[in-house]
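# Fold and geometry: a report
As a plain string of letters, each chain reads:
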Amino acid sequence: YVMNITDILLQGIKFRNVKELNISYDDIKKVVSKFRKRIGFDYHCDIEKFIKNKFNCNINMVNESESDIEVLIGKNLFEINILKFKFERNRRIQIARDLGYYILHYLLQNETDIIITKSKFNIHAYNEANCFGLELLMPEKQFKKFCIDNNNNLIEITNEFNITSETAVSRMKFLNII
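Counting of residues starts from 1 at the beginning of each chain's written sequence and follows it residue by residue. In keeping with the predicted nature of the model, local features appear solely for residues at pLDDT of at least 70, side-chain atom pairs appear and are counted solely at 80 or more, and the whole-chain, interface and lining totals rest on all residues. Note: side-chain values were computed over all heavy atoms of the structure, leaving out hydrogens and water.

## Some thoughts on the overall build of the protein
Short version of the rule: The way it works is that DSSP assigns letters per residue, a run of H or I at least four long becomes a helix, a run of E at least two long becomes a strand, and they are numbered from the N terminus. Partly exposed residues are those whose accessible area sits between 20% and 50% of the maximum for their type, while under 20% is buried and over 50% is exposed, using a 1.4 Å probe and protein chains only. Throughout, a contact is declared for two residues whenever any of their heavy atoms are within 4.5 Å. To measure how exposed things are, a 1.4 Å probe is used in the Shrake-Rupley method; for residues, cover is taken only from the protein chains shown.
The secondary structure content of the protein amounts to eight helices and four strands. Reading the secondary structure of the protein in the N-to-C direction produces α-α-α-β-β-β-α-β-α-α-α-α. The buried share of the protein, reckoned over its 178 residues, is 48%. Contacts in the protein between residues at least 24 apart in sequence constitute 68% of all its contacts with a sequence separation of at least 6. Carbon together with sulfur atoms contributes 50% to the accessible area of the protein, which is approximately 9800 Å² in total.

This is the structure we're talking about:
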């Protein structure tokens, strides 16, 4: 069962859109590093199983017409809606980003309940959560070393980190590898 906006309003839960933290990439890297060490996350792991087990997160596979909601976060609530047609590598990226919302914008700020929709979101907060997710799935140090050791071979990189080629190229550009 996928909650829709009407269900949420009927329950009297007041969700708000997320605000940006205005933190640097280096600070996000530090948070990810601490998170990885503290919780025992390895980028090779099955992030869907990990987030379900460690965070009691519900992951719903939905049709585009079913819900505009991507993430719901609140007390005893962490729910992610993923479009059914998304490939595994795209799902990994979305789940890592949504975990970024949870860690950066909910836990670290002791925020009230959060809703992220596909049609209305704060681009700065999205970028922060996305940086968290990309650093989680492709830690800078390991990613750079792997790229160098494998002559920037895109197939090797996408297979090692279980990501899309678009994500790998974007990360390589961001880290000034290419």
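## Some remarks on the pairing of strand 2 (residues 69-74)
So the rule is basically this: Two strands pair if DSSP finds at least two bridges between them.
The buried fraction of strand 2 is high, at six of six residues. Where strand 2 lies against strand 3 (residues 77-83), four bridges are found, and the strand directions are antiparallel. Bridge assignment links valine 71 to a residue of strand 3, and that residue is isoleucine 80. Where strand 2 folds back on strand 3, the antiparallel hairpin that results is connected by two residues, among which asparagine 76 adopts a positive phi of roughly 60 degrees.

## Quick notes on helix 8 (residues 165-174)
What counts, and what does not: To obtain the arc, one takes the directions from the helix axis to the C-beta atoms.
Buried within helix 8 we find Thr167, Ala168, Arg171 and Met172. Angularly, the buried residues of helix 8 cover 135 degrees about the axis, an arc narrow enough to put them on a single face. Of the residues in helix 8, the exposed ones pointing more than 90 degrees away from the buried face are Glu166 and Lys173. Buried residues in helix 8 make contact with helix 2 (25-39), helix 4 (88-107), helix 5 (123-137), helix 6 (140-149) and helix 7 (154-161). Once helix 8 ends, the next one or two residues include asparagine 176, with phi positive near 55 degrees.

## With respect to the packing of aromatic side chains
The test is simple: Put simply, two rings from Phe, Tyr or Trp (the six-membered ring, in Trp's case) pair if the centres are within 6.5 Å, and we call them stacked under 30 degrees between planes, edge-to-face over 60, tilted for the rest.
Considering all chains together, one arrives at 12 aromatic pairs under this definition. Summarising the aromatic geometry, the rings of phenylalanine 35 and phenylalanine 55 are spaced 6.1 Å apart at their centres and angled 25 degrees between planes, so their arrangement reads as stacked. Here phenylalanine 35 is found in helix 2, whereas its partner phenylalanine 55 is found in helix 3 (residues 47-55), with 20 residues between them in sequence. Judged on exposure class, the residue phenylalanine 35 and its partner phenylalanine 55 are both buried. Relative to tyrosine 102, the ring of phenylalanine 78 lies with its centre 4.3 Å away and its plane at 10 degrees, an arrangement referred to as stacked. Of this pair, phenylalanine 78 sits in strand 3 while tyrosine 102 sits in helix 4, placing them 24 residues apart in sequence. The same class applies to phenylalanine 78 as to tyrosine 102, namely buried.

## Concerning the environment of serine 24
Structurally, the position occupied by serine 24 is in the loop between helix 1 (5-10) and helix 2. Residue serine 24 is classed as partly exposed on the basis of its relative accessible area, which comes to 34%. Along the primary structure serine 24 and glutamate 128 are separated by 104 residues, whereas in three dimensions their C-alpha atoms are 8.5 Å apart.

## So, the confidence of the model for the protein
The line we're drawing: The quantity called pLDDT is the predictor's confidence in a given residue, expressed from 0 to 100.
When pLDDT is averaged across the protein, the result is 82; 84% of the residues are at 70 or more. Confidence drops under pLDDT 50 across residues 1-17; counting only partners more than four residues distant or on other chains, this segment forms 39 contacts.

## Some remarks on the packing of helix 2 against helix 4
Under the convention used in this document: For helices, the fitted axis covers only the stretch in contact; all axes are lines through C-alpha atoms, and the angles between them, taken along N-to-C directions, range from 0 to 180 degrees. Every angle not falling under 35 degrees, over 145, or within 65 to 115 is termed oblique; those three ranges are roughly parallel, roughly antiparallel and roughly perpendicular. When residues are sorted by character, Ala, Val, Leu, Ile, Met, Phe, Trp, Tyr, Cys and Pro go into the nonpolar class, Asp, Glu, Lys and Arg into the charged class, and all the rest, Gly among them, into the polar class.
Running from N to C, helix 2 and helix 4 cross one another at 100 degrees; their axes reach a closest spacing of 12 Å. The pairing of helix 2 with helix 4 is recorded here as roughly perpendicular in orientation. For the pair helix 2 and helix 4, the contacting residues are Ile28, Val31 and Phe35 in the first and Leu99, Ile103 and Leu104 in the second. A class-by-class count of the residues in the contact of helix 2 with helix 4 yields six nonpolar, no polar and no charged.

## Here's the deal with the layout of surface pockets
The gaps left among the atoms become clear once a water-sized probe is rolled over them. Rule in force here: A cavity here means a set of points on a 1 Å grid, drawn over the protein atoms and nothing else, where a 1.4 Å probe fits but cannot get out; a pocket is an open set with protein on both sides within 12 Å along at least five of seven lines, and a residue lines either one if it has an atom within 4 Å of a point. Grid points are joined across faces, edges and corners, and a volume is the space filled by probe spheres set on the points.
One number sums up the size of the largest pocket: a volume of about 250 Å³. What lines the largest pocket is Val31, Lys34, Phe35, Arg38, Ile39, Phe55, Ile103, Leu107 and Leu108. Elements with a minimum of two residues in the lining of the largest pocket: helix 2 and helix 4. The element that contributes the greatest number of residues to the lining of the largest pocket is helix 2, accounting for five residues. For the lining of the largest pocket, the per-class residue count stands at seven nonpolar, no polar and two charged.

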